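What follows is each chain in one-letter form.
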Amino acid sequence: MKKLFAIGMALTIVAVTSLLASSAEAKNPWNNGVNGRQSNQNKRINRAYRSGGLTRREAARLKAQQAQLARREAAMRRSASGLSYSERARLEHQQDQLSRNIKNQAHDSQHR
């Protein structure tokens, strides 16, 4: 009986811990790495375009910047050493800049 109770408690703890971890990842796009952040920013661009915050030209420019960043990342990953810490930091900095661009363009006075 005690053994079953201990197993049940262990399973409950594991379930709650995994639920909390997945919830934290969903709230923080940086937990998913560079690719998760790119996906999140593409969703932001699409959402801002659909809501009218971005013009077609602004959305196309931001998508082109995102695609260029993805190509740079792919080239860095193809190198013999893979993606180094400094390259990852550079990509994160460029993602920060793109994120600010998305915010600024979505909240400027231009609307569709």
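Provided above is the structure to which this section pertains.
Residues numbered from 1 in each chain as written. Predicted model: local features only at pLDDT ≥ 70, side-chain atom pairs only at ≥ 80, totals over all residues. Heavy atoms only, no water.

Q: Any chance you could explain the pattern of salt bridges here in plain terms?
A: Pairs may arise between side chains of opposite charge once their charged atoms sit close together. Scanning the model with the defined rule gives three salt bridges in all. The partner of Asp96 in a salt bridge is Arg37, with the nearest N and O atoms 2.4 Å apart. Note that Asp96 is positioned in helix H4 (residues 85–106) and Arg37 in helix H2 (residues 33–51), a separation of 59 residues in sequence. Take Asp96: its relative accessible area is 30%, and that puts it in the partly exposed class. Here Arg77 makes a salt bridge to Glu73, at a shortest N to O gap of 2.6 Å. Placement of the pair is Arg77 and Glu73 together in helix H3 (residues 56–78), with a separation of four residues, close to one helical turn. Judged by its relative accessible area of 4%, Glu73 falls in the buried class. (Salt bridge = Lys/Arg side-chain N within 4 Å of Asp/Glu carboxyl O. Helix = DSSP H or I, 4+ residues; strand = E, 2+ residues; numbered from the N terminus. Buried < 20%, exposed > 50% of the residue type's maximum accessible area, 1.4 Å probe, protein only.)

Q: What's the story with the nonpolar core in this structure? I'm lost.
A: It is characteristic of soluble globular proteins that their nonpolar side chains tend to be buried jointly. Listed in full, the eight residues of the largest apolar core are Ile45, Ala48, Leu54, Ala59, Leu62, Leu98, Ile102 and Ala106. Mapped onto this core, the elements with two or more residues apiece are H2, H3 and H4. Take this core: its biggest share by element is three residues, from H4. Apart from residues no more than four positions distant in its own chain, Ile102 is found in contact with Gln41, Arg44, Ile45 and Leu62. (Core = buried A, V, L, I, M, F, W, Y, C linked by side-chain atoms within 4.5 Å. Contact = heavy atoms within 4.5 Å.)

Q: Looking at this model, I keep getting lost on the environment of Gln94. Mind explaining?
A: Within the secondary structure layout, Gln94 lies in helix H4. Residues Gln94 and Gln66, spaced 28 residues apart in sequence, show a C-alpha to C-alpha distance of 9.6 Å. Ignoring anything within four residues of it in the chain, the contact list for Gln94 reads Leu69 and Arg72.

Q: Any chance you could explain the packing of H3 against H4 here in plain terms?
A: Helix-helix packing: each pair is described by the crossing angle between the helix axes and the interaxial distance. Contact geometry for H3 and H4: axes closest at 11 Å, N-to-C directions at 175°. As summarised for this structure, H3 and H4 are arranged roughly antiparallel, according to the angle between their axes. Where H3 approaches H4, its residues Glu58, Arg61, Leu62, Gln65, Gln66, Leu69, Arg72, Glu73 and Met76 are matched on the opposing element by Glu87, Arg90, Leu91, Gln94, Gln95, Leu98, Asn101, Ile102 and Gln105. For the contact of H3 with H4, the class distribution of residues is six nonpolar, six polar and six charged. (Axes fitted to C-alpha atoms, helices over the stretch in contact; angles between N-to-C directions. Parallel < 35°, antiparallel > 145°, perpendicular 65-115°, else oblique. Nonpolar A, V, L, I, M, F, W, Y, C, P; charged D, E, K, R; others polar.)

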